[in-house]
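So you can see what is in the structure, the chains are spelled out below.
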Amino acid sequence: MQSAAITVIGTGYVGLVAGACFADWGHQVICVDHDAGRIAGLNHGRVPIYEPGLDKILARATRSGNLSFSTDTIGAVKSSQAVFIAVGTPPRKSDGEADLSFVHQCASDIATALRPGALVVTKSTVPVGTGDVIERILRQARQDDAIPVVSNPEFLREGSAIGDFCEPDRVVIGTEDEAARAVLRNIYQPIALRGHRILFTRRRSAELIKYASNAFLAAKITFINEMADLCEMADADVGDIALGMGLDRRIGPHFLHAGPGYGGSCFPKDTLALVRTAQEYGVSLRLVEETVQANTARKRRMAQRVRHILDGSVENKRIAILGLTFKADTDDMRDSPSIPLIELLQRSGAVVHAHDPEGMEQARRILPNVTYHDDPYDCARGADAIVFLTDWEALKHLDLARLAAVMRHPVMLDLRRIYDPEEAARQGFVIETVGRSGLEPHPLSTFQPSYLLPDIAAQTRLPIAVTSNLNIQPTKERLA
Ligand code: UDX
Ligand code: UDX
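Calculation notes
- Residues numbered from 1 in each chain as written.
- Chains lettered and ligands numbered in written order.
- Predicted model: local features only at pLDDT ≥ 70, side-chain atom pairs only at ≥ 80, totals over all residues.
- Heavy atoms only, no water.
- Helix = DSSP H or I, 4+ residues; strand = E, 2+ residues; numbered from the N terminus.
- Rg over C-alpha atoms; globule rule 2.2 N^0.38 Å.
- Buried < 20%, exposed > 50% of the residue type's maximum accessible area, 1.4 Å probe, protein only.
- Contact = heavy atoms within 4.5 Å.
- Areas by Shrake-Rupley, 256 points an atom, 1.4 Å probe, with all protein chains shown as cover.
- Pairing = 2+ DSSP bridges.
- Salt bridge = Lys/Arg side-chain N within 4 Å of Asp/Glu carboxyl O.
- Near = heavy atom within 4 Å.
- Polar contact = N/O pair within 3.5 Å; in protein donor to acceptor, adjacent residues only side chain to side chain.
- Domains from an automatic or database assignment.
- Arc of directions from axis to C-beta.
- Buried area = accessible area lost by both parts, 1.4 Å probe.
- Phe/Tyr/Trp six-rings, centres within 6.5 Å; stacked < 30°, edge-to-face > 60°.
- Nonpolar A, V, L, I, M, F, W, Y, C, P; charged D, E, K, R; others polar.
- Core = buried A, V, L, I, M, F, W, Y, C linked by side-chain atoms within 4.5 Å.

Caption draft 1: The overall build of the protein, seen in detail. A tally of regular secondary structure across the protein gives 19 helices and 14 strands. The C-alpha radius of gyration computed for the protein amounts to 24 Å, which stays within 12% of the reference 23 Å derived for 480 residues, consistent with globular compactness. Based on the C-alpha atoms only, the size of the protein along its principal axes is roughly 75 × 55 × 40 Å. Evaluated residue by residue, the protein yields a buried proportion of 55% over its 480 residues. Taking the contacts inside the protein whose residues are at least 6 apart along the sequence as the reference set, 75% of them involve residues at least 24 apart. For the protein, the exposed surface amounts to about 21000 Å²; the carbon and sulfur share of it is 52%.

Caption draft 2: Highlighting unusual backbone geometry. Even without being a glycine, Phe255 presents a positive backbone phi close to 60°. Classification of Phe255 as partly exposed rests on a relative accessible area of 27%. The phi dihedral of Asn316 is positive, around 60°, even though this residue is not glycine. Secondary-structure assignment places Asn316 in the loop between α13 (286–309) and β9 (318–322).

Caption draft 3: How the structure looks around the sheet that holds strand β13 (residues 411–414). Strand order in the open sheet formed by 6 strands is β11-β10-β9-β12-β13-β14, and the pairing between neighbours is parallel. Among the strands making up the open sheet, the edge pair consists of β11 (371–372) and β14 (430–433). Inspection of the sheet shows β9 paired to strand β10 (residues 351–355) by 5 bridges, in the parallel sense. Paired with Arg318 across the bridge in β10 is Val351.

Caption draft 4: Up close: the pattern of salt bridges. By the definition in use, this model includes 29 salt bridges. Its salt-bridge partner being Lys123, residue Glu154 comes within 3.0 Å of it at the nearest N-O pair. Here Glu154 is found in the loop between β6 (149–151) and α7 (161–166), whereas its partner Lys123 is found in the loop between β5 (119–122) and α6 (130–142), with 31 residues between them in sequence. Of the charged contacts, one joins Asp145 and Arg142 as a salt bridge, the two residues approaching to 2.4 Å between their closest N and O atoms. The class of Asp145 is partly exposed, set by a relative accessible area of 32%. Three or more residues are tied together by salt bridges with common partners; here these are Asp132, Glu135, Arg139, Arg203 and Arg204.

Caption draft 5: Main features of the site of ligand 2. Ligand 2 sits among 18 residues. The nearest are Phe155, Leu156, Glu158, Lys327 and Arg416. Between Glu154 and ligand 2, the recorded distance is 3.3 Å, taken from a backbone N or O atom to an oxygen atom. Interatomic distance of 2.8 Å between a backbone N/O atom of Leu156 and an oxygen atom of ligand 2. Burial of ligand 2 by the surrounding chains reaches 91%, relative to a free accessible area of 670 Å². Lining the shell around ligand 2 are residues from two domains, each supplying at least three of them: domain 1 (5–201) and domain 2 (202–480).

Caption draft 6: Molecular detail of helix α5 (residues 101–110). For α5, the set of buried residues is Val103, Cys106, Ala107 and Ile110. Axial view of α5: buried residues confined to an arc of 95°, hence all on one face. Packed against the buried residues of α5 are β1 (5–9), α4 (73–78), β4 (82–85), β5 and α6.

Caption draft 7: Representation of the domain arrangement of the protein in the model. You can read the domains of the protein as domain 1 (5–201) and domain 2 (202–480). The distance between the C-alpha centroids of domain 1 and domain 2 comes to 32 Å. Across the contact, 38 residues belong to domain 1 and 32 residues belong to domain 2. Carbon and sulfur atoms make up 52% of the area that domain 1 and domain 2 hide from each other, which totals about 2900 Å². The largest per-residue losses of area from domain 1 upon contact with domain 2 belong to Tyr50, Val128 and Glu158, which jointly make up 25% of the total buried on that side. Here domain 1 and domain 2 share 4 salt bridges between them. The residue Glu158 makes a salt bridge to Arg334 at a minimum N-O spacing of 3.9 Å.

Caption draft 8: Representation of the packing of aromatic side chains. Taken as a whole and judged by the stated rule, the model has 11 aromatic pairs. Ring centres of Phe22 and Tyr188 lie 5.6 Å apart, and the angle between their planes is 75°; on these two criteria the pair is classed as edge-to-face. Placement of the pair is Phe22 in helix α1 (residues 13–24) and Tyr188 in the loop between α8 (178–187) and α9 (189–192), with a sequence separation of 166 residues. Of the two residues examined, Phe22 and Tyr188, each falls in the buried class. Put simply, the rings of Phe22, Trp25, Phe84, Phe165 and Tyr188 touch in pairs and so form one group of aromatic residues.

Caption draft 9: Geometry of the site of ligand 1. Around ligand 1 there are 19 residues in total, and Asp33, Val87, Thr89, Thr125 and Lys269 lie nearest to it. Here Tyr13 contributes a backbone N or O atom positioned 3.0 Å from an oxygen atom of ligand 1. Here an oxygen atom of ligand 1 and a side-chain polar atom of Lys269 are 2.5 Å apart. The fraction of the free accessible surface of ligand 1 (690 Å²) that becomes covered by protein chains is 87%. Partitioned by chemical class, the residues of the shell around ligand 1 number 6 nonpolar, 8 polar and 5 charged. When we break the shell around ligand 1 down by domain, the ones giving at least three residues each are domain 1 (5–201) and domain 2 (202–480).

Caption draft 10: Up close: the environment of Ala113. Structurally, Ala113 can be placed in the loop between α5 and β5. Sequence separation between Ala113 and Arg142 is 29 residues, and the spatial gap between their C-alpha atoms is 9.5 Å. If we skip the residues at most four places from it in the chain, Ala113 touches Ile74, Val77 and Lys78.

Caption draft 11: A look at the nonpolar core. Counting 43 residues, the largest nonpolar core has Phe22, Phe84, Phe165, Ile187 and Tyr188 as its most contacted members. The greatest single-element share of this core, amounting to 8 residues, is contributed by α1. If sequence neighbours within four positions are ignored, Phe84 has contacts with Ile6, Thr7, Val8, Ile9, Phe22, Val121, Lys123, Asn152, Leu184, Ile187 and Tyr188. Counting 38 residues, the second largest nonpolar core, distinct from the first, contains Met245, Ile309, Leu344 and Val434.

In structure tokens form, the structure reads like this:
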């Protein structure tokens, strides 16, 4: 491998992990961000996100002299062979399409600073055809001096980002430019040598692979979540279903863990953006549309389940929420199931207390009217119900008897299937678990599954209508 000079623009979960790992592999990397505070912090060794293992790699790469941080994008780009764009592509509020303004702005900002022979690589998740737009932006600014634009989507998961980046199932590189392929082959050589597959495709295919993968995984989770609903009615256990299905190698065991619905910065936004893209091409992705609808409805329905386990009303009830982030091992609150759950509970008069091992700082900004606790037992004290929403390791080993003893009513809703219901019942809990029918009916309740309760229609309204309209005229030039 030859050491490559790389700029990574954007120091979020993707950009910072990519920059740190590239530098750790021996490349010369400058990570840039327009957020001066973030860069100042990084220059002082402060890691702006919680991601296990990232602090060590950043420290090692910085110490080695391979990694530096700057707000000077132009200065960094001027000396780089490859410029990775890893800025956010959030959903546009109006229609759910990916907002590409940051990506486009980056392209025009760097266009004239790129040195001849350099290339631009999109790591941000961008809709099919975005590479063509970036190419046009660069060409307009540089006249005939063409810069190859490559799609290199990132598949890392928050919480296991370093492992996913360094030991990926595949690296996808979308470009037909041979010189660009050679540069990317060199950059990824350290992991190619360890046997990881580098897949070269056309640029548009690479852009679409990322959305297709995320949409498929989101659909897989939604499938098992719906099976969980059925299990609760049919007196079966979704854990058995997932195990039995997962042993079939054609299905595989991953992403079959039933829960409160998927969240995070990718699945919700990418499924919606994919539906939008398909609509623009006049194609209907009914499975993905249903996935979006079902998951949004599911997240909102979790408040119904809390109401259900408290026999219909949460008014003036103290609810303890354990786990706020969209999954364990991250501080990221984006599209977390905790947000609609807590907002709906509060709207119904509940008093919400919460604890999360890493996410409370971010949560405070989004959910200000919650009482936060550093300790899970303090959070549960005096509560009428406790809800497990994220399967943090630290929340998996609580002393249930102690927990039950500090609560006003030992009622538990386990939305991540953390605890064995029989054991929880032995420790004094009345418990409902996702994907299993209750052990016995709650003494106060007339059992009716929460998703059959009458006000469900109001609870499941979507912020953005995604129903496909086959009459939509294709707007993309592909069909022209
Ligand atoms: C990434 C991808 O880029 C996104 O497309 C994908 O779907 C999910 O992963 P993420 O790393 O989570 O996003 O982004 P975020 O945490 O929002 O960080 C983006 C960073 O880029 C921020 O630090 C922001 O300050 C920076 N930024 C944004 C710039 O430096 N310049 C800009 O113009 C915009
Ligand atoms: C996802 C993709 O997995 C990753 O490849 C892509 O690069 C970014 O988006 P991430 O959002 O970080 O990664 O986390 P992931 O582990 O995929 O979880 C997403 C959501 O699905 C979480 O809310 C999680 O709790 C939920 N989930 C996941 C389940 O409910 N059940 C499962 O079996 C797996």
